[in-house]
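# A closer look at the structure
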Amino acid sequence: MRRALSLARRGLGRTSPNPPVGAVLVKDGAEVGRGWHKGSGQPHAEVEAIRDGVRRHGEEVTQGATIYVTLEPCSTHGRTGSCTAALIRAGVSRVVVGAGDPNPSHEGRAGPLLLEAGIDYTEGIEEPGCEAIIRAFTKVQRSGLPWVIIKSAFGLDGKVTRPQSEGQWLSGEGSRAEVHGLRGEVDAILTTGKTVRCDNPRLTIRGAAQGAEKRQPLRVVLTSRDLGVPKGSQILTDDVRDKTLIYKSKRIESVLRDLVSDHGVLSIMVEAGGTMVGQLLDEGWADEVVFYLAPLITGGGVPAVGGEGAVDLRGRIKMESSSFRRIGDDVRVRAMIDRGEGPAGS
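Note that the structure is predicted; figures quoted are calculated from it, not measured.

### Some details on the overall build of the protein chain
On a plain count of helices and strands, the protein chain comes out with eleven helices and 13 strands. Principal-axis analysis of the C-alpha atoms gives the protein chain an extent of 70 × 45 × 40 Å. Counting only residues that meet the buried cut, the protein chain has 49% of its 346 residues in that class. Carbon and sulfur atoms make up 48% of the accessible area of the protein chain, which amounts to about 16,500 Å² in all. Treating the 46 positive side-chain charges of the protein chain as one cloud and the 43 negative ones as another, the clouds have centres 5 Å apart.

Next comes the structure, spelled out in structure tokens:
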């Protein structure tokens, strides 16, 4: 299952509105086929693994084999066929699943269908890891809202104050390279008109993180009707300008729901100033943070996180599942927001 998880990660940022899924076909204790879901409308991971096994070893390899798949196989016919039906046709003897499917159309249906066909079915193997990789898909299924990651870089004093004559980065080269990798894992990057006017960012995947398989994320700009976005901005003039969406004077919830329903977005990374970051945190729309702490003290009046803030200790935002990584002179902190039953349903 861990091997299947590593395959599933290859699909991050590529499969929306479907979740990333990996599968490994095993026979006589050896891997004979593998696959992962490469994009909406393409074969699911189970079918990819079966086809890979047949290509490498012939038609008979699937008979009596075991398949490990990170997500419960689908049981209805959509843009691709039902995976449960494909597994039955392939003649596998055992299906081992990591996480149940949060999609109500599939949830809990694969097991009975496969057992009825005489196929052994086991679920819940490496479940935490398998659930983590589909957390954005799960949130969309349960709330209609995307998974929102806040990314920010700031000094030791929590400030991002800097003169406009300087570049927009406070963190080092290693941290900036990692950010391009993070952009490759999400479907959209959210920013504000103010950030575009001040920094003229590209908000694209560049460098080694881009690769041939990665698609550029949508660039979503929230701005006022009066100020808007300068016509010469890079996001309006570069080679992927068709990936830019501008929302003028619209509520955050409306934008988030529109991105899910009209653009198939599962996950968003926020790259904006402290005012927007603070609002997202105050109102409960964010699910995760990725903060780069640089060995600087900038002072000044521009905080990395603004907003109204908590009125008392109980109201402060608590973090969970925190991880820390040293990147050059920076420290990267990545953590989930623990809100319980927050107003955004996350």
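And the narrative resumes.
### A closer look at the pattern of salt bridges
Tallying each qualifying case throughout the model produces 17 salt bridges. Here Arg56 ties to Asp52 by a salt bridge, and the two come within 2.8 Å at their closest N and O atoms. You can see Arg56 and its partner Asp52 sitting in helix H2 (residues 45–57), four residues apart, about one turn around the helix. For Arg215, the salt bridge is made with Asp187, and the minimal N-O distance between the two is 3.3 Å. Residue Arg215 is located in the loop between helix H8 (193–199) and strand E8 (218–223), and its partner Asp187 is located in the loop between helix H7 (173–183) and strand E7 (188–192); the two are separated by 28 residues in the primary sequence. For Arg215, a relative accessible area of 34% translates into the label partly exposed. Among the charged side chains, a salt-bridge network with shared partners connects Asp52, Arg55 and Arg56.

### A word on helix H10 (residues 252–263)
Compared with the 16 Å implied by 1.5 Å per residue over twelve residues, the 16 Å span of H10 between its first and last C-alpha is a close match. Within H10 the residues assigned to the buried category are Ile252, Val255, Leu256, Asp258, Leu259 and Val260. The secondary structure elements touched by the buried residues of H10 are helix H6 (135–143), strand E6 (147–154), E8, strand E9 (244–248), strand E10 (267–270) and helix H11 (274–283). Gly264 sits one or two positions beyond H10 and adopts a positive phi of about 65 degrees.

### A few points about the side chain of Glu72
Along the chain, Glu72 turns up in the loop between strand E3 (66–71) and helix H3 (83–90). From its side chain, Glu72 meets the backbone nitrogen of Asp101 in a polar contact 2.9 Å long. Only 3.2 Å separates the side chain of Glu72 from the backbone nitrogen of Ala110, close enough to count as a polar contact. Not counting the four nearest positions on each side in its chain, Glu72 is found in contact with Val97, Ala99, Gly100, Asp101, His106, Glu107, Gly108, Arg109, Ala110, Tyr121 and Glu123.

### Focus on H11
Three or more residues of H11 are buried, namely Gly274, Met276, Val277, Gly278, Leu280 and Leu281. The secondary structure elements touched by the buried residues of H11 are E6, E7, E8, H10, E10 and strand E13 (330–338). Downstream of H11 by a residue or two, Gly284 has a phi angle that is positive, lying close to 85 degrees.

### Things to note about the environment of Ser105
Positionally, Ser105 belongs in the loop between strand E4 (94–99) and helix H4 (110–116). As for Ser105 and Asn18, which are separated by 87 residues in sequence, their C-alpha atoms are 13 Å apart. Excluding anything up to four places from it in sequence, Ser105 contacts Ser75 and Thr76.

### A few points about the pairing of E7
Burial within E7 is extensive, with five of its five residues counted as buried. Here E7 shows two buried faces, one formed by Ala188, Leu190 and Thr192 and the other by Ile189 and Thr191. Bridge analysis of E7 against E8 gives five bridges, and the strand direction is parallel. Paired with Leu190 across the two strands is Val220, which belongs to E8. Bridge count for E7 against E10 is three bridges, and the pairing is parallel. Bridging from a neighbouring strand, Ile189 pairs with Met269 of E10.

### Brief notes about the nonpolar core
Most often, soluble globular proteins have nonpolar side chains that are buried together. Among the nonpolar cores identified, the biggest contains 51 residues, and Ile67, Leu87, Val92, Val95, Leu114 and Tyr292 are the most heavily contacted of them. If sequence neighbours within four positions are ignored, Val92 has contacts with Leu25, Thr62, Gly64, Ala65, Leu87 and Ile119. Grouped together as the second largest cluster of nonpolar side chains are 32 residues, Leu145, Ile268, Phe291 and Ala304 included.

### Considering the sheet that holds E7
The strand order across the open sheet built from eight strands is E9-E8-E7-E10-E6-E11-E13-E12, with neighbouring strands paired in mixed fashion. Each of the sheet's edge strands pairs with one partner strand only, and the pair in question is E9 and strand E12 (318–327). Neighbour-to-neighbour, the strand axes of this sheet turn through a mean angle of 20 degrees, independent of strand direction. On top of the sheet, H6 reaches E6, E10, strand E11 (288–293) and E13; it is set at about 130 degrees to E6, its chief contact. Packed on one face of the sheet, H7 meets E6, E7, E10, E11, E12 and E13 and runs near 160 degrees to E11.

### Notes on the confidence of the model for the protein chain
Chain-level statistics for the protein chain give a pLDDT mean of 91 and a share of 93% at 70 or above. Here residues 341–346 scores under 50 on pLDDT; set against residues more than four positions off or in separate chains, the count is eleven contacts.

### Description of the sheet that holds strand E1 (residues 22–27)
The five strands lie next to each other as E2-E1-E3-E4-E5, forming an open sheet whose pairing is mixed. Pairing within the sheet leaves two strands with one partner each, and these edge strands are strand E2 (30–36) and strand E5 (120–123). Across the sheet, the axes of successive neighbouring strands diverge by a mean angle of 15 degrees, strand direction being ignored. Where E3 lies against E4, five bridges are found, and the strand directions are parallel. Of the residues in E4, the one forming a bridge with Leu71 is Ala99.

Cut-offs and rules
Residues numbered from 1 in each chain as written. Predicted model: local features only at pLDDT ≥ 70, side-chain atom pairs only at ≥ 80, totals over all residues. Heavy atoms only, no water. Helix = DSSP H or I, 4+ residues; strand = E, 2+ residues; numbered from the N terminus. Buried < 20%, exposed > 50% of the residue type's maximum accessible area, 1.4 Å probe, protein only. Areas by Shrake-Rupley, 256 points an atom, 1.4 Å probe, with all protein chains shown as cover. Lys, Arg positive; Asp, Glu negative; His and termini not counted. Charge placed at Lys NZ, Arg CZ, Asp CG, Glu CD. Salt bridge = Lys/Arg side-chain N within 4 Å of Asp/Glu carboxyl O. Expected span 1.5 Å × (residues − 1). Contact = heavy atoms within 4.5 Å. Polar contact = N/O pair within 3.5 Å; in protein donor to acceptor, adjacent residues only side chain to side chain. Pairing = 2+ DSSP bridges. Core = buried A, V, L, I, M, F, W, Y, C linked by side-chain atoms within 4.5 Å. Axes fitted to C-alpha atoms, helices over the stretch in contact; angles between N-to-C directions. pLDDT = per-residue confidence, 0-100.

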